[in-house]
Amino acid sequence: MFVTPALAQAAPAAAPGGADFFIQLMPFVLIFVIMYFLILRPQQKRVKAHREMITNVRRGDTIVTAGGIIAKVTKVIDDNEVQIEIADNVRARLSRGMISEVKAKGEPVKSETP
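In the nomenclature of an unreviewed UniProt entry, the chain corresponds to Sec translocon accessory complex subunit YajC from the organism Hansschlegelia zhihuaiae. UniProt's Sequence similarities (unreviewed entry) comment on the chain is quoted here verbatim: "Belongs to the YajC family." Comment text from UniProt for the chain, heading Subunit (unreviewed entry), reads "Part of the SecDF-YidC-YajC translocase complex. The SecDF-YidC-YajC translocase forms a supercomplex with SecYEG, called the holo-translocon (HTL)."

Here it is in structure tokens:
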């Protein structure tokens, strides 16, 4: 009585796994692609550049620590630590992970000749 014949007709059955599923999935794929190129990929490049910068720290470099202290590298202790000079005759050991920036490159490493 209140339902018109057009509304009472059943919708055609969609084939399972048909084109409708891919059309509904397309916005999620598009969002993921946009997030990858705008957020994830540039972040990975920055992390890679920072890791490379930290591994290339050598004696004589002027660095900025994560705490904002500007210091000069006096000795590379091992792969995880460097010795820095904060002021005249004030030296401290610093984890390489706490280096946030290398401001100036220092002198080349002396080659030891026998």
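> Pulling in residues and values, what's your account of the pattern of salt bridges?
This model, assessed by the stated rule, comprises one salt bridge. Across the salt bridge formed by Arg93 and Glu81, the nearest N and O atoms sit 2.2 Å from each other. Of this pair, Arg93 sits in strand 4 (residues 90–95) while Glu81 is found in strand 3 (residues 81–87), placing the two residues 12 residues apart along the sequence. Accessibility expressed as a relative area gives 59% for Arg93, which makes it exposed.

> Outline the packing of aromatic side chains, listing residues and values.
Inspection of every chain in the model, using the stated rule, returns two aromatic pairs. An angle of 65° between the planes, with centres 5.7 Å apart, marks the rings of Phe21 and Phe22 as edge-to-face. Relative accessible area serves as the criterion here: at 53%, Phe22 is assigned to the exposed category. Between the aromatic rings of Tyr36 and Phe37, the centroid separation amounts to 5.2 Å while the plane-to-plane angle is 80°, which identifies the pairing as edge-to-face. Owing to a relative accessible area of 31%, Tyr36 belongs among the partly exposed residues under this scheme.

> An account of the sheet that holds strand 5 (residues 99–104) is requested, with residue identities and associated values reported.
Strand order in the open sheet formed by five strands is 4-3-2-1-5, and the pairing between neighbours is antiparallel. Both outer strands of the open sheet, strand 4 and strand 5, are each paired with one neighbouring strand and no more. If you compare each strand with its neighbour and ignore which way they point, the axes differ by 45° on average. By the bridge criterion, six bridges tie strand 3 to strand 4 in an arrangement that is antiparallel. Looking at the pairing, Val82 lines up with Leu94 of strand 4.

> Give a detailed account of the environment of Met98, specifying residues and quantitative values.
Examined against the element boundaries, Met98 turns out to sit in the loop between strand 4 and strand 5. Note: C-alpha distance between Met98 and Ile54 (44 residues apart in sequence) is 9.3 Å.

> Explain the pairing of strand 2 (residues 70–76) to me, using residue names and the numbers behind them.
Inspection of the sheet shows strand 1 (residues 62–65) paired to strand 2 by three bridges, in the antiparallel sense. The residue of strand 2 that forms the bridge with Ile63 is Ala71. Judged from the four bridges that link them, strand 2 and strand 3 form a sheet pairing that is antiparallel. In the strand pairing of strand 3, Lys75 is matched with Gln83.

Calculation rules
- Residues numbered from 1 in each chain as written.
- Predicted model: local features only at pLDDT ≥ 70, side-chain atom pairs only at ≥ 80, totals over all residues.
- Heavy atoms only, no water.
- UniProt positions renumbered as here; feature names shortened; annotations may be inferred.
- Salt bridge = Lys/Arg side-chain N within 4 Å of Asp/Glu carboxyl O.
- Helix = DSSP H or I, 4+ residues; strand = E, 2+ residues; numbered from the N terminus.
- Buried < 20%, exposed > 50% of the residue type's maximum accessible area, 1.4 Å probe, protein only.
- Phe/Tyr/Trp six-rings, centres within 6.5 Å; stacked < 30°, edge-to-face > 60°.
- Pairing = 2+ DSSP bridges.
- Axes fitted to C-alpha atoms, helices over the stretch in contact; angles between N-to-C directions.

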